[in-house]
Each structure stands twice: as structure tokens, then as C-alpha cells.
Amino acid sequence: MESKTSASTGANEVSMLAIYAAAFFSLSITLMKGLAIPLWCISLGVPPAYMGVILSARSFVPLFLSIHGGSLMDQLGVRRTLLVLAILNGLLPWLYPVFPFVIAVLILELFGGLVSSMAWIGAQTALARVAQGDPKRAGRFSFATNMGNLAGPVLVGFAWKLGGPIAGFGIISLWGFLLFAAVYFLPVGDRPKEPITSWKNLMPKWSVYRQAFVMLKEPGVDLVVFATFLRISAYSIQASFYAVALVHLGQDEFNIGILMGVAGLSSGLATLLGAPASRLFGSQVVVLIGGISTAIIFISMTPYLSGFSIFFTAAVIFGLGMGISLPLLLSVLSNAIPREQQGLSVGLRSTANRLAGVVVPIGLGVVIELLGISHGFLVIGIVLLLVLIIGSVILLRRAKRLSGVGA
């Protein structure tokens, strides 16, 4: 009996190591492309408004298919789905330098955004399945994610400076194949999956979407989805026009990679502070709102700064705001949703991510086209802060009212 327990624990720890590795190589692909694609667009001479459309394209398809993708994870199995996604993440980056046309970049971002988004959903679903809401493991997962966000952009920036677009996209391709290696060691699943007998099994079902949106009635889920939207809005600024702003301010590709990477490092360290900060302030909500506000402010003020050391400090503080909120979002959502619906719940949260990823780059691109890059960042920052404050007040009052009804 003891040996069985020991073997089970050992297998579980191996699974967690594979999940942490998948976290390292999954979300970071999006941030690496957040450096590479703006640089590629600049080299192709794309105007800001068009660039905003291209940079939002990566989130457009996932906006409609994230819930379905999360459902597929539950239906077909996380490992089986992720293996295919990892291979695609390894192959797609090579198509950018092969087809140096604006329309090709748009199409690749539409498809590539879906692939990288689904890979990140898979990593989160694997965590939810194995860790089952354990905040310590959620913190380690977040830490691994942000370590990937540190290493990835730095390597892309360094490679781009030395070898240009081919070297930069080559690093992103390598990341995809390393993700495949990590996914290979994920647990197969706790129940056999049905074989795919028809293409209809892969098509979206309205009943699944309705089931996901019903989750918004659950206490805490509405706040998590709202907070996710605002948090990823700040991230979307970094993953779209941040590199453009820094090029405008005289920074080279390697420096930009360092700045994006150090934000990932700061964010990774800050993920370990989520639980202590919640105990200190006596509220997870205060930490969430404070962290997101900090991230929005310090990314929006980028065009008004000067000097690498100042950019470095702002990137660290931005990362702090981003990182301290992530494990709280993951832990609250995991605890609020039954285990068999974890993929669906992650898909719901990812839908909020992708809505921000569509709206923010397009809006920022248009405002930059009209008012210039400095005013563009300022306007978007003010709007996001107002939405955060007003929305938080409304949702907290709703939660208080519902708890009063149930009392």
C-alpha cells in the first residue's frame, strides 16, 4: 500500500514538472511574437492603424473559439490535443520570412494566434486537472510561465539583432518544438478518450457556449473574467505597440528584448507574492485591482520616459503588477468550478483574454494614427483605468447584494 502511494506521488510530481515546462514554453510564444511581429511590420512599412489590425488578428479567432477549445480539451484529452498544437507552433514561425507580405502576416496571425492560444489553454487545463486548485502549485506554474516570458523575448531580441528576422523566427520555432518535448511527458488522462469518429465532433456547439456563459453567475467567476480582461489589456499593450514605442524612442532589438524579458522576470517573482499580499491586505480583490492598476499605469507611461534605466525600472514595476494577480485568478477560478469543467472554465477566461487582445491593439493603433504614439498610450491607459474602477465597483456591489440575499 505504501509503495503504491509512493509511486503515485512520484508520478504526480513528474506530471507537475511537465506541466511547469509546458507553462514555460506556451504563453511565452505569444510574448516572443509580440516582439517579433511588430519588428517585422516595421520592416515591411506597415502604418500604425493597419499594424493594430494585424496585431489584434492573433486574438480574433480565439475570441470565438476559446470556449470550444477548452471544451475539446475536456473531450479529447489535454495531452493529445497539445501534441498537435506544439508541432504547429514549431512549424508556423518559418512561414513569416518565407511570405514577406502584409496579407500573409495577417493570415498567419489569424491562424497562429489560435494555435498559440489553444496551447496556453491546454497548459492551464493540465494544471487545473492535476493541481486541483492548490495555490502553491498555481504559484509555481505562474512562476514558470513568467520565466518563459523572461527567456523568450530576450533570446528573440538577441537573435534578431545578430541574424535578422530568420534568426528571430527560428528561436520561436525552437520554442514550439521544446513545448512538444514538455507535452510528451504530460499524463495521458484519468479516463480513456473517445476516438474522433467524425469531423462534427470537432465543431463548436452552442450548448457548450451557453454552459460556459452560465458560469458567469457563479460567485467570483464574473470578477475573475472581468479582472482577466483588464489584466490582459495591459499585456496587449506590451505585446503590440510597446516594441514600436521603444523603437521610436531609440532602443534596439536586444534592449527591447531585455525590457520585455525583465518584465517577465519581475512578473514571475511577483507571482509568489499573491498569497502573502492577500493576507497582508486582507482581500484578494484589493490585490487584484491594485496589481492590474499598476500594470496599466506603468505600461501606458512608456512614451513619456527616456533612458534605458528608466525603461528598465518601469518594466520591473509593470511586471510586478502583472505577476501578483495571475495566481489569484487561476486559484479562484479553479476552486469555483468542478474538475470536469476546468477546460471549459479556462476557455471562458481565455475568451476575456482574447477580447482584450482584439480591442486594445486596434483601438491603440487607431489612436496612435490620429494623435501620435504618446497620446495614444495615454488615452488607452486612462480608458482602461476608468473601466477597471467603474466595473469593479459594480461587480463588488453585485456580489455584496447576492451574499445578502443568501444570508
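Refer to the structure above for everything that follows.
Residues numbered from 1 in each chain as written. Predicted model: local features only at pLDDT ≥ 70, side-chain atom pairs only at ≥ 80, totals over all residues. Heavy atoms only, no water.

Trainee: It is not clear to me how the overall build of the protein should be interpreted in this structure. Could you clarify?
Mentor: Helix and strand content of the protein: 15 helices and zero strands. Contacts in the protein between residues far apart in sequence, at least 24 positions, make up 86% of those at least 6 positions apart. Approximately 17000 Å² of the protein is accessible, and the part contributed by carbon and sulfur atoms is 73%. (Helix = DSSP H or I, 4+ residues; strand = E, 2+ residues; numbered from the N terminus. Contact = heavy atoms within 4.5 Å. Areas by Shrake-Rupley, 256 points an atom, 1.4 Å probe, with all protein chains shown as cover.)

Trainee: What should I look at first to understand the packing of aromatic side chains in this one?
Mentor: Geometrically, a pair of aromatic rings is defined through the distance of the ring centres and the angle of the planes. This structure, assessed with the given rule, holds 10 aromatic pairs. Note on phenylalanine 25 and tryptophan 175: the rings are 5.1 Å apart at their centroids and 75° apart in plane angle, and the pair reads as edge-to-face. In this pair, phenylalanine 25 is assigned in helix α1 (residues 2–44) and tryptophan 175 in helix α6 (residues 135–184), connecting sequence segments 150 residues apart. Owing to a relative accessible area of 5%, tryptophan 175 belongs among the buried residues under this scheme. Relative to phenylalanine 169, the ring of tyrosine 96 has its centre 4.9 Å away and its plane inclined at 5°; by these criteria the two rings are stacked. Of the two residues, tyrosine 96 is situated in helix α4 (residues 95–98) and phenylalanine 169 in helix α6; the sequence distance between them amounts to 73 residues. For phenylalanine 169, a relative accessible area of 1% gives the class buried. (Phe/Tyr/Trp six-rings, centres within 6.5 Å; stacked < 30°, edge-to-face > 60°. Buried < 20%, exposed > 50% of the residue type's maximum accessible area, 1.4 Å probe, protein only.)

Trainee: Please explain the packing of helix α8 (residues 221–238) against helix α12 (residues 284–300) as it appears in this structure.
Mentor: The packing of two helices is summarised by the inter-axis angle and the distance between the axes. Remark: α8 packs on α12, axes separated minimally by 9 Å, with the N-to-C direction vectors making an angle of 20°. Our classification of the angle between α8 and α12 gives roughly parallel. The element α8 and its partner α12 pack so that their crossing is left-handed. Judged by residue contacts, Leu223, Ala227, Leu230, Arg231, Ala234, Ile237 and Gln238 of α8 engage Val285, Ile292, Ala295, Ile296, Ile299 and Ser300 from α12. Along the lines of polarity and charge, the residues of the contact of α8 with α12 split into 10 nonpolar, two polar and one charged. (Axes fitted to C-alpha atoms, helices over the stretch in contact; angles between N-to-C directions. Parallel < 35°, antiparallel > 145°, perpendicular 65-115°, else oblique. Left-handed = near helix turned anticlockwise from the far one by under 90°. Nonpolar A, V, L, I, M, F, W, Y, C, P; charged D, E, K, R; others polar.)

Trainee: Could you clarify how one ought to interpret the side chain of serine 266 in this entry?
Mentor: Of note, serine 266 is situated in helix α10 (residues 253–270). Within the structure, the side chain of serine 266 is placed 3.1 Å from the backbone nitrogen of leucine 320, a separation counted as a polar contact. Contact partners of serine 266, with chain neighbours within four places excluded, come to Val316, Gly319 and Leu320. (Polar contact = N/O pair within 3.5 Å; in protein donor to acceptor, adjacent residues only side chain to side chain.)

Trainee: How should I be thinking about the pattern of salt bridges in this particular structure?
Mentor: Opposite charge on two side chains permits pairing when their charged atoms draw close. Scanning the model with the defined rule gives three salt bridges in all. One salt bridge connects glutamate 109 with lysine 33, and the closest N-O pair in it is separated by 3.4 Å. Separated by 76 residues along the polypeptide, glutamate 109 in helix α5 (residues 102–131) and lysine 33 in helix α1 bring together distant segments of the chain. Taken as a pair, glutamate 109 and lysine 33 share a single burial class, namely buried. The partner of lysine 161 in a salt bridge is aspartate 252, and the shortest N-O contact between them spans 3.0 Å. With lysine 161 in helix α6 and aspartate 252 in the loop between α9 (242–248) and α10, the pair connects residues that are 91 residues apart, well separated along the chain. By relative accessible area, which is 26% here, aspartate 252 ends up partly exposed. Each of the salt bridges in this network shares a partner with another, and the network as a whole consists of Lys33, Arg58 and Glu109. (Salt bridge = Lys/Arg side-chain N within 4 Å of Asp/Glu carboxyl O.)

Trainee: Can you help me understand α8 in this one?
Mentor: An α-helix turns once every 3.6 residues. As a result, residues three or four positions apart point the same way. Taking 1.5 Å per residue, 18 residues should reach 26 Å; α8 reaches 26 Å between its end C-alpha atoms and fits that length. In terms of burial, α8 is a largely internal element, 18 of the 18 residues being buried. (Expected span 1.5 Å × (residues − 1).)

Trainee: Sorry, what's going on with a nonpolar patch on the surface here?
Mentor: Taken together, Val53, Ile362, Val366, Leu370, Leu371, Val379, Val383 and Val387 make up a surface patch of nonpolar side chains, about 610 Å² in accessible area. Here the nonpolar patch gets four residues from one element, more than from any other, and that element is helix α14 (residues 342–371). Position of valine 383 relative to the elements: it lies in helix α15 (residues 373–406). (Patch = residues over 30% accessible without salt bridge, like charges linked within 9 Å, V, L, I, M, F, W, Y side chains within 5 Å.)

Trainee: Hey, could you run me through empty space enclosed by the protein in this one?
Mentor: With a probe scaled to a water molecule rolled over the atoms, the places where space remains empty come into view. Here the structure, examined in full by the defined rule, presents seven cavities of 30 Å³ or more. What the largest cavity holds in volume is close to 330 Å³. Looking at the lining of the largest cavity, its residues break down into 13 nonpolar, 12 polar and four charged. (1 Å grid on protein atoms, 1.4 Å probe; cavity = no way out; pocket = protein on both sides within 12 Å on 5 of 7 lines; lining within 4 Å. Points joined across faces, edges and corners; volume = space filled by probe spheres on them.)

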